[in-house]
Amino acid sequence: MTTKTWSRRWLIAGCVATVLLALLALMSRSDAPAPAPVTVVSRSVSPTPVAAAPAPVRIALPSPVAPVGVRQDYIVQAESVEAARSAVARVGGVVTGELSIIRAVGAALDDRELEALRASDVPRLRIFEDSPVQASSGHLPETNYPSEVAASNLHVGGVTGRGVTVAVLDSGVWSTLGPLQTTPYQTPHVLAQYDVIQARQSATYSQTAAQQNYSQSINDLFGHGTHISSIIASSGVATTGNYQGVAPGGNLVSVRVLDSTGAGRYFDVIAGIAWVVKEKSRYNIRVINLSLGAPPQSPYWDDPLDQAVMAAWASGIVVVTAAGNRGPQPMTINAPGNVPYVITVGAVTDAYHPMHPLQYQLASFSSAGPTTEGFVKPEIVGMGGHILAYAPNNGTLASEFPQWVGPYDDFTMSGTSQATAVVSGVVALMLQVNPYLTPDQVKCRLMSGAHPAVNSKGTLAYTVFQQGAGLVNAHDAVYGTATNCANQGLNVVSDLAGTQHFGGRANRDSNGNYYIMSDQQTTTCSSGGGLLGGLIGGLVCVVKDVLSVVPLLLDGLFWNGSYTSGSGYTWSSGYTWSSGYTWSNGYTWSSGYTWSSGYTWSSGQTGTGTDVTAQQ
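Reference entry: report on the structure contained in this document. (Residues numbered from 1 in each chain as written. Predicted model: local features only at pLDDT ≥ 70, side-chain atom pairs only at ≥ 80, totals over all residues. Heavy atoms only, no water.)

**Things to note about the state of the cysteines**
Among covalent bonds in proteins, the disulfide is the one between the sulfur atoms of two cysteines. Heads up, the rule is: Note on terminology: disulfide denotes any pair of cysteine sulfur atoms within 2.5 Å. Numbering of helices and strands runs from the N terminus, with a helix taken as a DSSP run of H or I at least four residues long and a strand as a DSSP run of E at least two residues long. The classification of residues rests on relative accessible area computed with a 1.4 Å probe and restricted to protein chains. Under 20% of the type maximum is buried, over 50% is exposed, and intermediate values are partly exposed.
Under the defined criterion, the tally for this structure stands at one disulfide. A disulfide bridge connects Cys444 with Cys485, and the sulfur atoms are separated by 1.8 Å. Across the S-S bond linking Cys444 and Cys485, the dihedral sits near 110°, which makes this disulfide right-handed. Of this pair, Cys444 sits in helix α13 (residues 439–448) while Cys485 sits in the loop between α15 (474–478) and α16 (492–497); the two residues are 41 residues apart in sequence, bridging distant segments of the chain. Residue Cys444 shares its accessibility class with Cys485, and that shared class is buried.

**What about helix α3 (residues 111–119)?**
Quick reminder of the rule: Directions pointing from the helix axis toward each C-beta atom define the arc. By the convention used here, residues are in contact when the closest approach between their heavy atoms is within 4.5 Å.
All buried positions along α3 are accounted for by Glu113, Leu114 and Leu117. When α3 is viewed along its axis, its buried side chains cluster within an angular range of 100° and face the same direction. Those residues of α3 that are exposed and angled more than 90 degrees off the buried face are Asp111, Glu115, Arg118 and Ala119. Looking at the buried side of α3, the elements it contacts are β1 (72–77), α2 (81–90), β3 (104–109) and β4 (126–129).

**So, the nonpolar core**
What counts is decided by this rule: The nonpolar core is taken to be a set of buried Ala, Val, Leu, Ile, Met, Phe, Trp, Tyr and Cys residues, with the residues joined through side-chain atoms within 4.5 Å.
One finds Leu169, Ile273, Ile343 and Leu446 to be the most contacted residues of the largest nonpolar core, which totals 112 residues. Each residue touching Ile343, except ones within four places of it in the same chain, is listed here: Trp313, Val318, Val319, Val320, Thr321, Glu379, Ile380, Val423, Val442, Lys443 and Leu446. If you look at the next biggest cluster of nonpolar residues, it comprises 15 residues, including Tyr74, Val76, Ala107 and Leu125.

**Focus on the pattern of salt bridges**
Keep this limit in mind: Throughout this description, the term salt bridge denotes a Lys or Arg side-chain nitrogen within 4 Å of a carboxyl oxygen of Asp or Glu.
Per the stated rule, a full pass over the model turns up 11 salt bridges. For Glu113, the salt bridge identified is with Arg71, shortest N-O distance 2.7 Å. One end of the pair, Glu113, is in helix α3; the other, Arg71, is in the loop between α1 (3–29) and β1, with 42 residues separating them in the sequence. Among the residues examined, Arg71 registers a relative accessible area of 34% and is labelled partly exposed. A network of salt bridges, in which partner residues are shared, links Asp73, Asp130 and Arg265.

**A look at the side chain of Thr349**
So the rule is basically this: Any pair of N or O atoms that falls within 3.5 Å is considered a polar contact. Within protein, one atom must be able to donate a hydrogen and the other to accept it, and sequence-neighbouring residues count only if both atoms are side-chain atoms.
As for its placement among the helices and strands, Thr349 is situated in strand β13 (residues 343–349). The buried category is assigned to Thr349, whose relative accessible area is 11%. There is a polar contact of 3.0 Å between the side chain of Thr349 and the backbone nitrogen of Ala351. Leave out the neighbours within four places in its chain, and Thr349 touches Gln359, Tyr360, Gln361, Ala363, Met383, Gly385 and His386.

Structure (structure tokens):
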């Protein structure tokens, strides 16, 4: 073999080795440690930049971040509005509005923000879901309700509610005001309108509305608000010569908190109440009508809507609210009707026999008590069946139920909403005659003047858990003189401050019967007073040493939840309530109180030292 041949072979071998070494280096580069920097002499590098393939890179990443979820609406309460606002901001939530009346803000929070907020150390922090509320109607024919509650005769004497303003928190009022345009005295019926929903959606609305003195028409896209307002204060005159409304001379403030379907949110209703409290002196607002509600989610003192209602009551405004349409079963009272201070209203129907009291019946849909805190509800009932009133002919209700639209832009509806409006009108009559009555005094005289349904034996046809003190009577309420017979032993200021909470004396035995626990205190017997006032000329007096566990069996106070229907009941006078239906002074719920499924009152909570247990 020649030298040239050997040289060629060595050259080929060298090239192959070089290629193999290069391939090996490329295969192992990604796993090899980076070489130490060195300085080398190399051939010239082309000045044209060449894009090299990126080498794989491994860097330390933080834990994967969960995507932000869909935010839900909540109400966040703390020691102050500022504290609540700061707490929401710290967890990344969005403050949607302010509810200073209950030291709270509206907040939009996703699941992660909600969890962080719950874990935060914020004094008196409470978080509530922004629960839906609904108009308390849904049953749909005519009744002469002002005469049926003895209001028409008062109108003849000039008692029309003149000068008293009722704030109606509902779906608004129809821009075509009709009989709500002016009072019989040619003054405006509707003094102001405020749209809470628009105020929440538009930051500039409140300022603009204030500049216009809240005179801008809002309109009622649903129809319910106009219907309720008309029951309270319509000055339309029927062919009989009677006014169509219960307080035709009264004034109205319309606060829109329900949308075009009759649905709303806790936040909006609370904001509406706060606005009314702020403007009460400006418009002489003495009454709030709440023909709406939602099933209770917690004890009354722990519910934000209930807290707002208590704040309004404490400010001197009479709050009248619907019991709800979830009857006739017991323990179906809606919030805020479960608040012990306010006037909660059930419904009566005339069964298509107007002005024939023997035919009147408790409406089967009317919610019944007691509340889970042991309070007797409703306090009173009003006409709520087949109620005809002015309402828009182009609203949602008119579109869904055209068969109930009348020829004069009126509409027929039934519900505790309507009964509530009747009672609100009566309260306006009372405050015209006695403008210095406090909310507690108004409640006392309403209940004392009510007429309960009694049967042929003179005993109650319905229990107090169904009819309360009875059917409202405007004449007897306006000219009554009863005092100190409502909300005795309660303290709304302490309740709101969280230092005291209260319970009623309703209980349930092992057979499922509801009853009123009696008192160990001495009660003075007199007609119209005591624990149970005169009923058909009779007196019942609960005296000292009667065991608190003994149920009161008289006149339907002992109830197994069955619904009584029929006719022939007399709506009699003479049955009154007293402080015996609430905890006496000093009897408050202990801090360790919890509700079990059997609604148990423990020894620290009865005020008597005796265990009283009611099982499901």
